[in-house]
Amino acid sequence: MTTTLDSAAPARRVGRLRLAAVIMRAGLRSQLANRADFAMAVANGVTYQITVLLFATVIFSRFPSLGGWGLGEILLISSIRMLGHGLYMLFFGNLGLIPHLLREGRFEAFRTRPAPVLLQVFTYEAPINALGDLVVAGASLTVCLSLLDITWTPAALAFLAVAVAAATVIELGLNLHIAGLVLRFRGSESLFFWLDNTAGNFGNYPLSVFPVFLQGAFTFGIPIAFAGYYPAAWLTGHADTVPFGPVLVYLSPAVALLAVLSGLAVWRRCLAWYSRNG
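**Quick look at the side chain of N94**
- Looking at the secondary structure, you find N94 in the loop between helix 3 (71-92) and helix 4 (98-104).
- Its relative accessible area of 3% is what places N94 among the buried residues.
- From its side chain, N94 meets the backbone oxygen of E125 in a polar contact 2.8 Å long.
- Among residues more than four places away in sequence, those in contact with N94 are V121, F122, T123, Y124, E125 and P127.

**Let's talk about the nonpolar core**
- Core analysis: the biggest nonpolar cluster contains 68 residues, and L76, L95, F107, Y230 and W267 have the highest contact counts within it.
- The greatest single-element share of this core, amounting to 14 residues, is contributed by helix 8 (residues 154-184).

**Things to note about the pattern of salt bridges**
- Inspection of every chain in the model, using the stated rule, returns one salt bridge.
- Of the charged contacts in the structure, one is a salt bridge between E108 and R111, with a shortest N-O distance of 2.6 Å. Here the residue E108 and the residue R111 both occupy positions in helix 5 (residues 107-112), the gap between them amounting to three residues, near one helical turn.
- Classification of E108 by relative accessible area gives partly exposed; the value is 31%.

What counts, and at which threshold
- Residues numbered from 1 in each chain as written.
- Predicted model: local features only at pLDDT ≥ 70, side-chain atom pairs only at ≥ 80, totals over all residues.
- Heavy atoms only, no water.
- Helix = DSSP H or I, 4+ residues; strand = E, 2+ residues; numbered from the N terminus.
- Buried < 20%, exposed > 50% of the residue type's maximum accessible area, 1.4 Å probe, protein only.
- Polar contact = N/O pair within 3.5 Å; in protein donor to acceptor, adjacent residues only side chain to side chain.
- Contact = heavy atoms within 4.5 Å.
- Core = buried A, V, L, I, M, F, W, Y, C linked by side-chain atoms within 4.5 Å.
- Salt bridge = Lys/Arg side-chain N within 4 Å of Asp/Glu carboxyl O.

Dropping the structure here:
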């Protein structure tokens, strides 16, 4: 009996993944059905990220360096963060739709299907605006690399790839916390906008330009500094100048793992509460 149950488990997992794939394809088809909506979604992503870069350009027109960091070095911070953000939006950005799904009553349907609720949320629709985010992030990375004198050894390239992946997972972990709170507390959906705004306003610059309490908050509280600043410090030779010790430049993967595990724990606990009381 145990053998039968064990052998059936992989089949159930495959069935759930197939169902998720069907849902994802349906969402993508609906997004592509209207070309004007598709183009507008991409344009929205491009416009937002260009606005972030234009703000940085205005700052640098007045101050050639910030905290000892040059333009190319700061663009590397923002490029890592924006690439991570674009990948987060592409694969997991539907978390921000949970308030809408709850208001429309569509979230209840997820709980009746055999696929995991979180997987259904991720595949609910294709987040086309993420393509705009990635286009601008890629362009920003190209520009900053032309400004930097970095020897791109295999180790440095691997470090950059890991940094982008960690930035993606950190954003996922933080948004999972908020998604769980949305299930538990009404009105908490504004935290999605707050987190995105905070990361966009503070996550693109050297941590050393901020007051000490913000340095601590963005390192040990809401760890957006690990989504760009700390890995960029290692790549640009600023590791010895970072707040709280140079060892932090290596900890983005560990912080990402902690953030996503904590976020999943909060999500599961709040989903269980919602299942009982929602």
